[in-house]
Amino acid sequence: MNRKCTLLFAVLVSAFAAGASAAEGGDAQAGQAKASMCQGCHGIDGYRMAFPEVYRVPRLGGQHPAYIVKALEAYKSGNRSNETMRAIASRLSAKDMADLAAYYGSATTVTAGSK
Ligand code: HEC
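Caption draft 1: Looking closely at the overall build of the chain. When helices and strands are tallied, the chain shows six helices and two strands. Order of helices (α) and strands (β) in the chain, N terminus to C terminus: α-α-α-β-β-α-α-α. Looking at the chain residue by residue over its 115 residues, the buried ones come to 29%. Within the chain, residue pairs in contact and separated by at least 24 positions form 63% of the contacts whose partners lie at least 6 positions apart. Element-wise, carbon and sulfur atoms account for 58% of the exposed surface of the chain, whose accessible area totals about 7,400 Å².

What follows is the structure, given as structure tokens:
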């Protein structure tokens, strides 16, 4: 684990400890910290999941923030069915979603290990 990862992890832990104290609206910096739990799947170019069938993991960087929030809400509510994303989205608050959307929406390319 490099220095940047360690730092991100520390920020992530404190971001969740701080809970809902943050301001309304998407905060890209907070989103970047939270995104460390998404990068394992979404940060890998051309990554494919092998279960329950082989399918691609969509790239999030550069997608419209409103689309990202809608997609996460749909997974959480069950309107969009994907076991993996449902499990993840169900643990996200509206604030988490807004932050993540702000982060991914502002990043044109988000790949694992890039700076
Ligand atoms: C274990 C792997 C994994 C992790 C971790 C993961 N995702 Fe996903 N994500 C997927 C897969 C696979 C899909 C495609 C599901 C589908 O076909 O609906 C997806 C789809 C999405 C979509 C819809 C994209 C689109 O183009 O429609 C969004 C938004 C998303 N994920 C956000 C996130 C966020 C934010 C996190 C972190 C909080 C995260 N994901 C963590 C595997 C993952």
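Don't stop here, the text continues.
Caption draft 2: Fine view of the coordination of the iron atom of the ligand. Around the iron atom of the ligand, the protein contributes the donor atoms His42 (NE2) and Met85 (SD), at 1.9 to 2.1 Å from the metal centre. Bound by six donor atoms, the iron atom of the ligand shows angles of 83 to 178 degrees at the metal and therefore octahedral coordination geometry. You can see His42 sitting in helix 3 (residues 39-42) and its partner Met85 sitting in helix 5 (residues 83-89), a full 43 residues away along the chain. Here the two residues His42 and Met85 agree in accessibility, since each one is buried.

Caption draft 3: Region of the structure containing the site of the ligand. As a matter of local geometry, the ligand sits amid 21 residues, with Cys38, Cys41, His42, Tyr67 and Met85 nearest to it. The side chain of Gln63 places a nitrogen or oxygen atom 3.2 Å from an oxygen atom of the ligand. Separating an oxygen atom of the ligand from a side-chain N or O atom of Tyr67 is a distance of 2.4 Å. Those elements that place two or more of their residues in the shell around the ligand are helix 3, helix 4 (65-77) and helix 5. With five residues, the top contributor of residues to the shell around the ligand is helix 4. Residues of the shell around the ligand, tallied by class, amount to 16 nonpolar, four polar and one charged.

Caption draft 4: Main features of the packing of helix 4 against helix 6 (residues 94-106). At a minimum axis separation of 8 Å, helix 4 and helix 6 run at an interaxial angle of 140 degrees. Between helix 4 and helix 6, the interaxial angle falls into the category oblique. Handedness of the crossing formed by helix 4 with helix 6: right-handed. Only Met97, Ala98, Ala101, Tyr104 and Gly105 of helix 6 make contact with helix 4, whose side of the interface consists of Pro65, Ile68, Val69, Leu72, Glu73 and Lys76. In terms of residue class, the contact of helix 4 with helix 6 is built from eight nonpolar, one polar and two charged.

Caption draft 5: Region of the structure containing the nonpolar core. Counting residues in each nonpolar core, the largest one holds 15 residues, and the members touching the most others are Ala35, Ile68, Leu72, Tyr75, Leu92, Leu100 and Tyr104. Every element with two or more residues in this core is listed here: helix 4, helix 5 and helix 6. The dominant element in this core, judged by the number of residues it contributes, is helix 6, at five residues.

Caption draft 6: View of the pattern of salt bridges. In this structure the tally under the stated criterion is three salt bridges. In this structure, Lys34 and Asp96 form a salt bridge, with 2.9 Å as the shortest nitrogen-oxygen distance. Of this pair, Lys34 sits in helix 2 (residues 28-34) while Asp96 sits in helix 6, and the two are 62 residues apart along the sequence. Grouping residues by exposure puts Lys34 and Asp96 together as buried. Of the charged contacts, one joins Asp99 and Lys95 as a salt bridge, the two residues approaching to 2.8 Å between their closest N and O atoms. Separated by four residues within a single helix, Asp99 and Lys95 lie in helix 6, roughly one turn from each other. In this pair, the class of Asp99 matches that of Lys95, namely buried. By sharing partners, the salt bridges in this structure join Lys34, Lys95, Asp96 and Asp99 into a single network.

Reading the values: the criteria
In this numbering scheme, every chain counts its residues from 1 along its sequence in written order. Reporting in this predicted model follows two pLDDT cut-offs: at least 70 for local features of residues, and 80 or more for side-chain atom pairs to be given and counted; totals over whole chains, interfaces and linings ignore these cut-offs and use all residues. The basis for the side-chain values is all heavy atoms of the structure; hydrogens and waters are excluded. A helix here means a DSSP run of H or I that spans at least four residues, while a strand means a run of E at least two residues long, and both kinds are numbered starting from the N terminus. Buried, partly exposed and exposed residues are distinguished by accessible area as a fraction of the type maximum, computed with a 1.4 Å probe on protein chains only: under 20%, between the cut-offs, and over 50%, respectively. Throughout, a residue-residue contact means that at least one pair of heavy atoms, one from each residue, lies within 4.5 Å. Only the protein chains shown count as cover for residues, and the accessible areas themselves come from Shrake-Rupley with a 1.4 Å probe. With water excluded from the atoms, a metal site may look incomplete; its donors are any N, O or S atoms within 2.8 Å, or within 3.2 Å for Na, K and Ca. Sites are called tetrahedral only when four donors show all angles between 85 and 135 degrees, square planar or octahedral only when four or six donors show opposite pairs over 155 degrees and all other angles between 65 and 115, and irregular in any remaining case. A cutoff of 4 Å decides nearness: a residue is near a molecule or strand if any of its heavy atoms lies inside that distance of it. Under the rule applied, a polar contact is a pair of N or O atoms within 3.5 Å (in protein, one hydrogen donor and one hydrogen acceptor; residues adjacent in sequence only if both atoms are side-chain atoms). Lys, Arg, Asp and Glu make up the charged group, whereas Ala, Val, Leu, Ile, Met, Phe, Trp, Tyr, Cys and Pro make up the nonpolar group; the residues left over, Gly among them, are polar. Lines fitted to C-alpha atoms define the axes, with helix axes restricted to the stretch in contact, and inter-axis angles between N-to-C directions lie between 0 and 180 degrees. Here is the rule for angles: anything less than 35 degrees is roughly parallel, anything more than 145 is roughly antiparallel, 65 through 115 is roughly perpendicular, and the remaining ranges are oblique. Handedness of a helix crossing follows the sense of rotation of the near helix relative to the far helix, less than a right angle counterclockwise being left-handed and clockwise being right-handed. Nonpolar cores are built from buried Ala, Val, Leu, Ile, Met, Phe, Trp, Tyr and Cys residues. Side-chain atoms within 4.5 Å join them into one set. Criterion for a salt bridge: a side-chain nitrogen of Lys or Arg within 4 Å of a carboxyl oxygen of Asp or Glu.

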